[in-house]
Amino acid sequence: MTNVLISGGGVAGLTLAWWLRRHGFRPTVVERAPALRAGGYKVDIRGVALEVVDRMGLGSQVRRHDTGMLRTRFVDSRGDTLAAMDASLFGGRDGDDVELMRGDLVDILAGATTDVPFLPGDSITTLTPTANAVRVVFASGHRQTFDLVIGADGLHSQVRRLAFGNAPDPVRPLGHHIAVCTVPAEFGLARTELMHIAPGRSVGVYRTAGAPDARALFLFRSPAEVPAPGDAAGRHALLAREFAGLGWQVPRLLAAAADADDLYLDAISQVRMDRWSTGRIALVGDAAYGPSPASGQGTSLGLVGAYVLAAALARAAGDPTVGFADHERQLRPFVRANQELAERNLRGMVLGSTAQIRIQLTMLRLLPRLPGRERMIRRVTEPIRRAATAITLPDVGLPGGA
């Protein structure tokens, strides 16, 4: 039985562990955090990614955790509504698409992989490939040898750095930063997303159905200098500088963000690599081909990529070179289609001038009364739908039709 170490207990890592186990592999998941991360923003599952979830038998659980968001309201500095739209249209969702909190999805996947060994609070420090295995040294000092190692450890992947180096750097910034955190429920309206936009900056806050708290979002053009990843005070100071002078409840949201223990702040970036594997080490999800939050497809790519990788390794009958190559051949067109969404979407998320903001809000106010409204909506959602279905899932041939 092939022993596989998966670095990263997020969506891609847990999905890969589930499918490898079903294909007869023996996966182990190591996660740097002391426990699975419960926070995060709402995420979308679309197209073939929903088919992956259904094949895992988790579709009903995922759908039960839908955020139930109804509307998006754009507000001015006094909080008065300037325009409103359906939440699904704002998120580019269509048909059976599901939106849920990232933490809820991770919990569902973790519940489905209780038979997989999980090593919390540890990480990989050294990878030494041999002819038939990979020797691994962990931060805890533990040493073990695995047949394969898969990096599912996100945008700033440690496995990618150890196995591929950082020259050239595969992380491609898209010129903007994002910050997300939990804030008290009083900031949000149930099932409503509130957005306040200014040139080069957007602030949002929402509360999902029945949620005990709200989530805040800050989007802004990337500054010339950014604080180091561990510099919490520097991150708070950066947000305060970038959003200084805005009205509405932005000053209070900034104060709440300074008190939040889950503030995430990073450049909106994509990962572009010429290859996703080397020897017996490979990457999956954001570590290999992160499309950025601007694409709206990072979660779906993680689900589909993990499914395709596990199926390719199973078909390769123990030959990782063949399996990794097959995975890459199948998935690259799908990745390309979804990464291309990011820059197009980003242009509508952060507007560059007061004139652009005025035009967008006018269009949103007029949209319900415009002739050909349905055709215009299809123009918005069709590129996302096309990218979300730009692959035919391989038949993995498991019992029960999975």
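Everything below is about the structure shown above.
Residues numbered from 1 in each chain as written. Predicted model: local features only at pLDDT ≥ 70, side-chain atom pairs only at ≥ 80, totals over all residues. Heavy atoms only, no water.

S.K.: What is the right way to read the overall build of the protein from this model?
M.R.: A tally of regular secondary structure across the protein gives 14 helices and 18 strands. For 402 residues, the compact-globule estimate of 2.2 N^0.38 gives 21 Å, and the protein sits close to it at 21 Å. Scored against the burial criterion, the 402 residues of the protein give a buried share of 54%. Excluding contacts between residues fewer than 6 apart, the proportion of contacts in the protein whose partners are at least 24 apart in sequence is 71%. (Helix = DSSP H or I, 4+ residues; strand = E, 2+ residues; numbered from the N terminus. Rg over C-alpha atoms; globule rule 2.2 N^0.38 Å. Buried < 20%, exposed > 50% of the residue type's maximum accessible area, 1.4 Å probe, protein only. Contact = heavy atoms within 4.5 Å.)

S.K.: Teacher, can you tell me more about the pattern of salt bridges here?
M.R.: Opposite charge on two side chains permits them to pair, given that their charged atoms come into close proximity. According to the stated counting rule, one finds 18 salt bridges in the structure shown. Asp213 is the partner of Arg215 in a salt bridge, and the nearest nitrogen-oxygen pair spans 3.0 Å. With a relative accessible area of 25%, Asp213 lands in the partly exposed category. With a shortest N-O distance of 2.6 Å, Asp326 and Arg315 are connected by a salt bridge. A residue pair is termed long-range when its members are at least 10 positions apart, and Asp326 in helix H11 (residues 320-339) and Arg315 in helix H10 (residues 298-315) qualify at 11 residues. (Salt bridge = Lys/Arg side-chain N within 4 Å of Asp/Glu carboxyl O.)

S.K.: Hey, could you run me through H11 in this one?
M.R.: In an α-helix, one turn spans 3.6 residues; hence positions three or four apart end up facing the same way. Maximal helix bending in H11 amounts to about 40°, located at Leu331; proline Pro333 follows within four positions. Within H11, burial applies to Pro320, Gly323, Phe324, Asp326, His327, Glu328, Gln330, Leu331, Phe334, Val335, Asn338 and Gln339. For H11, the side-chain oxygen to backbone nitrogen distance between the N-cap and Thr321 is 3.1 Å, and the N-cap itself is Asp319. (Bend = angle between axes of the 7 residues up to and from the residue. Polar contact = N/O pair within 3.5 Å; in protein donor to acceptor, adjacent residues only side chain to side chain.)

S.K.: Can you walk me through the layout of surface pockets in this structure?
M.R.: Vacant regions in the atomic arrangement are exposed by a probe of water-molecule size rolled over the atoms. Reported here for the second largest pocket is a volume of approximately 290 Å³. Around the second largest pocket, the lining comprises 21 residues; the ones closest to its centre are Met101, Asp104, Thr208, Ala211 and Arg215. Secondary-structure elements contributing two or more residues to the lining of the second largest pocket are helix H5 (102-111), strand S14 (201-207) and strand S15 (213-221). Looking at which element gives the most residues to the lining of the second largest pocket, the answer is H5, with four residues. Looking at side-chain class alone, the lining of the second largest pocket contains seven nonpolar, seven polar and seven charged residues. (1 Å grid on protein atoms, 1.4 Å probe; cavity = no way out; pocket = protein on both sides within 12 Å on 5 of 7 lines; lining within 4 Å. Points joined across faces, edges and corners; volume = space filled by probe spheres on them. Nonpolar A, V, L, I, M, F, W, Y, C, P; charged D, E, K, R; others polar.)

S.K.: Where do I start with the packing of aromatic side chains in this structure?
M.R.: Within a pair of aromatic rings, the relevant descriptors are the distance that separates the centres and the angle that separates the planes. Taken as a whole and judged by the stated rule, the model has six aromatic pairs. Ring geometry for Tyr41 against Tyr206: centres 4.9 Å apart, planes inclined by 85°, an arrangement best described as edge-to-face. With Tyr41 in the loop between strand S2 (26-31) and strand S3 (42-45) and Tyr206 in strand S14, this pair connects stretches of sequence that are 165 residues apart. For the ring pair Phe218 and Phe243, a centre distance of 5.3 Å and an interplane angle of 65° mean the geometry is edge-to-face. In this pair, Phe218 sits in strand S15 while Phe243 sits in the loop between helix H7 (232-242) and helix H8 (250-259), placing the two residues 25 residues apart along the sequence. In terms of burial, Phe218 and Phe243 fall into one category: buried. Of the aromatic side chains, those joined through ring pairs into one cluster are Trp18, Trp19 and Tyr307. Of note, Arg22 hangs over the ring of Trp18, and the distance from its end group to the ring centre comes to 4.3 Å. Over the ring of Tyr206 we find Lys42, and its NZ or CZ is 4.7 Å from the ring centre. (Phe/Tyr/Trp six-rings, centres within 6.5 Å; stacked < 30°, edge-to-face > 60°. Lys NZ or Arg CZ within 6 Å of the ring centre and 35° of its normal.)

S.K.: Can you help me understand the side chain of Asp326 in this one?
M.R.: Judged by relative accessible area, which is 15%, Asp326 ranks as buried. A polar side-chain atom of Asp326 sits 2.6 Å from a polar atom in the side chain of Arg315. Not counting residues up to four positions away in its chain, the partners in contact with Asp326 are Ala312 and Arg315.

S.K.: I keep staring at the pairing of strand S4 (residues 71-75) and nothing clicks. Help me out?
M.R.: Consecutive side chains of a regular strand alternate in pointing toward one face of the sheet and then the other. Pairing of S4 with strand S5 (residues 81-86) involves five bridges; the strand directions are antiparallel. Within S5, the residue paired with Arg71 across the bridge is Asp86. Counted between consecutive antiparallel strands, the loop separating S4 from S5 contains five residues, among which Gly79 sits at a positive phi close to 95°. Sheet topology note: the S4/strand S13 (residues 192-198) ladder contains four bridges and is parallel. Within the sheet, the bridge partner assigned to Arg71 lies in S13 and is Thr192. (Pairing = 2+ DSSP bridges.)

S.K.: It is not clear to me how the environment of Leu246 should be interpreted in this structure. Could you clarify?
M.R.: Along the chain, Leu246 falls in the loop between H7 and H8. Between the C-alpha atom of Leu246 and that of Val203, which follows or precedes it by 43 residues, the distance is 9.6 Å. Excluding its chain neighbours within four sequence positions, the residues that come into contact with Leu246 are His196, Ala198, Arg201, Val203 and Pro251.

S.K.: What's the story with the sheet that holds strand S9 (residues 134-138) in this structure? I'm lost.
M.R.: Hydrogen bonds along the backbone pair up the strands of a sheet, which may run parallel or antiparallel. Spatial ordering of the open sheet is given by S8-S9-S10, a layout of three strands whose pairing is antiparallel. What marks the edges here is a single partner per strand, and that holds for strand S8 (124-129) and strand S10 (143-146). Going across the sheet, the axis of each strand differs from the next one's by a mean of 25°, ignoring polarity. Here S9 pairs with S10 via four bridges, running antiparallel. What sits directly across from Val136, in S10, is Gln144. (Axes fitted to C-alpha atoms, helices over the stretch in contact; angles between N-to-C directions.)

Any link to function would need more than the numbers given here.
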